[in-house]
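Each chain is listed here by its residues.
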Amino acid sequence: MLSLSAEITESDVNLQLVNGDESATAGDVQHAAALMKFAEAVASRDERALASARSELLEQAGAEVLVDAAAVAGNFQRMVRIADSTGIPLDERSAALSYGLVKELDLRRFASAQNTPPGGFKRKLMSLIARPMAKRLFKKLAK
Amino acid sequence: MSHYQYDNSPYPIRTGLAPAYQKYWGALARPGTWFSGAERVAIAGEVRNALNCPFCAERKAALSPYAVKGEHLCGPVLDARVVDAVHRVITDQSRITQAYIDDNAANGLSEERYVELVGVAVTVFSIDEFNRALGLPLEPLPQAEAGNPECYRPAQAKHGTGYVAMIPADGATGREADLWQHRTANVLRALTLVPNAVREWMAVGDEQYLSMTGMAQFGTFPGRALNRMQTEVVAGRVSSYNECFY
């Protein structure tokens, strides 16, 4: 969704952010580095890192951003467990949309990737059609 | 007792979050679809025990979850298989397999009960994680209410997508007509064997992240401090750290 958001809003984002690459935090996402560190600290359950990341985000972006970030982090701590506990594959539509992204971020290194077959030529072809279509659709919905 | 007041929070908690958590705490205490209220509250307790369970830590570090034997740090209410499933969902979810679920089903933990326990565990965990992320104490668990579980299995649920039966994309009909309109996704269908588990986590998710309608928007949302890209940076990093392909 980050990559789609960036395309739709025509923003500059280095997607390696989600892999925790600090050098990827430059771009159009305000407070990206502090948000990334906070998210990572929540997921890692390193309480010292979390206290530090929380202070940094609070200082940089304020309490409202901190509270929203905590809510989103809590939400995705749940979503990953729903997906993995039930072994669901990526939906074909999402798999087509994220075809390039999976390669760019090397996401097939995750054990849970085994629930989604690689796809092959058909998915690659679908990705060429699906991404521009989704972009147009969401832009239309945004108006 | 009135839960989730956040009176002592150093940060103003966004309107909508506390009512969603309060509503969920109420549902947690009541008899569910396959578990009693007391069992549901005990599952919530196991979510918290799992995070301090030495056996879970040892198992997580092992090459295979089956390479180590031991006993969980747990309360007295739940059957050992239920405890183990809750602890796995919280601490080692990426190594849950079809074989694990089938073995449980053959030994008394049915897939319906498994799905309900996943729903309770992950929803409690997501609320607890919100508090922990802000450095706030965890909310005391609610007092369980008496009564029997409903034991309802939607007739249209079938196998074929993941490890458990799910309502198919065109199956949101009858009692389940409210689950989605037009389109759905596998993650929304994942717990539909227990439709209330989906309703409960989605109500919390609408406030913590975005509603289904909101997901189609890519700007800034009324009442939210994060814009969509900032939201997705947090979402993406949490998912990636957890090695979630989905």
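Keep in mind the model is a prediction, meaning the values are calculated, not measured.

Criteria and thresholds
Residues numbered from 1 in each chain as written. Chains lettered and ligands numbered in written order. Predicted model: local features only at pLDDT ≥ 70, side-chain atom pairs only at ≥ 80, totals over all residues. Helix = DSSP H or I, 4+ residues; strand = E, 2+ residues; numbered from the N terminus. Buried ≥ 20, exposed ≤ 12 C-beta atoms within 10 Å, placed from the backbone. Contact = placed C-beta atoms within 7 Å. Axes fitted to C-alpha atoms, helices over the stretch in contact; angles between N-to-C directions. Parallel < 35°, antiparallel > 145°, perpendicular 65-115°, else oblique. Left-handed = near helix turned anticlockwise from the far one by under 90°. Nonpolar A, V, L, I, M, F, W, Y, C, P; charged D, E, K, R; others polar. Core = buried A, V, L, I, M, F, W, Y, C linked by C-beta atoms within 7 Å. Expected span 1.5 Å × (residues − 1).

(A) How the structure looks around the overall build of chain A. Within chain A, the regular secondary structure consists of seven helices and zero strands. Seen through its C-alpha atoms, chain A measures out along the principal axes to roughly 45 × 35 × 25 Å. Buried residues in chain A amount to 44% of all 143 residues. A separation threshold of at least 6 residues defines the contact pool for chain A, and within that pool the share at least 24 residues apart is 50%.

(B) How the structure looks around the packing of helix α6 (residues 111–133) of chain B against helix α8 (residues 195–208) of chain B. Residues and elements named next belong to chain B. Look at α6 against α8: their axes get within 9 Å of each other, and the N-to-C directions meet at 20 degrees. Judged by the angle between their axes, α6 and α8 are roughly parallel. For the pair α6 and α8, the sense of crossing is left-handed. Of α8, the residues touching α6 (which contributes Val115, Glu116, Gly119, Val122, Thr123, Ser126, Ile127 and Phe130) are Ala197, Glu200, Trp201, Val204 and Gln208. Taken together, the residues of the contact of α6 with α8 sort by class into seven nonpolar, four polar and two charged.

(C) View of the nonpolar core. Ranked by internal contacts, the top residues of the largest apolar core, which has 106 residues, are A:Leu35, A:Ala69, A:Ala73, B:Ile43, B:Val86 and B:Ala121. A per-element tally of this core places helix α4 (residues 63–86) of chain A first, with 13 residues. Apart from residues lying up to four places away in sequence, A:Leu35 is in contact with A:Leu57, A:Ala69, B:Gln230, B:Val233 and B:Val234.

(D) How the structure looks around the packing of helix α2 (residues 32–44) of chain A against α4(A). Residues and elements named next belong to chain A. Two numbers describe how α2 lies on α4: the axes approach to 10 Å, and their chain directions differ by 45 degrees. Between α2 and α4, the interaxial angle falls into the category oblique. Between α2 and α4 the crossing geometry is right-handed. Of α4, the residues touching α2 (which contributes Leu35, Phe38, Ala39, Val42 and Ala43) are Ala69, Ala73 and Gln77.

(E) Spatial organisation of unusual backbone geometry. All names here are of chain B. Located in the positive-phi region is tyrosine 6, a residue other than glycine, with phi close to 55 degrees. In this structure, tyrosine 6 sits in the segment before α1 (17–29). Since 17 C-beta atoms lie within 10 Å of it, tyrosine 6 is described here as partly exposed. If you check the backbone angles, cysteine 151 has positive phi at about 55 degrees while not being a glycine.

(F) Main features of the environment of B:Gly70. All names here are of chain B. Looking at the element boundaries, glycine 70 is found in the loop between α3 (54–61) and α4 (80–91). Residue glycine 70 is classed as exposed on the basis of its C-beta count, with 11 C-beta atoms lying within 10 Å. Filtering out sequence-adjacent residues up to four positions away, glycine 70 remains in contact with Phe55 and Glu58.

(G) Expanded view of helix α9 (residues 228–241) of chain B. Given a rise of 1.5 Å per residue, 14 residues ought to cover 20 Å, and the 20 Å separating the end C-alpha atoms of α9(B) matches this to within 8%. Most of α9(B) is tucked away, with 14 of its 14 residues classed as buried.

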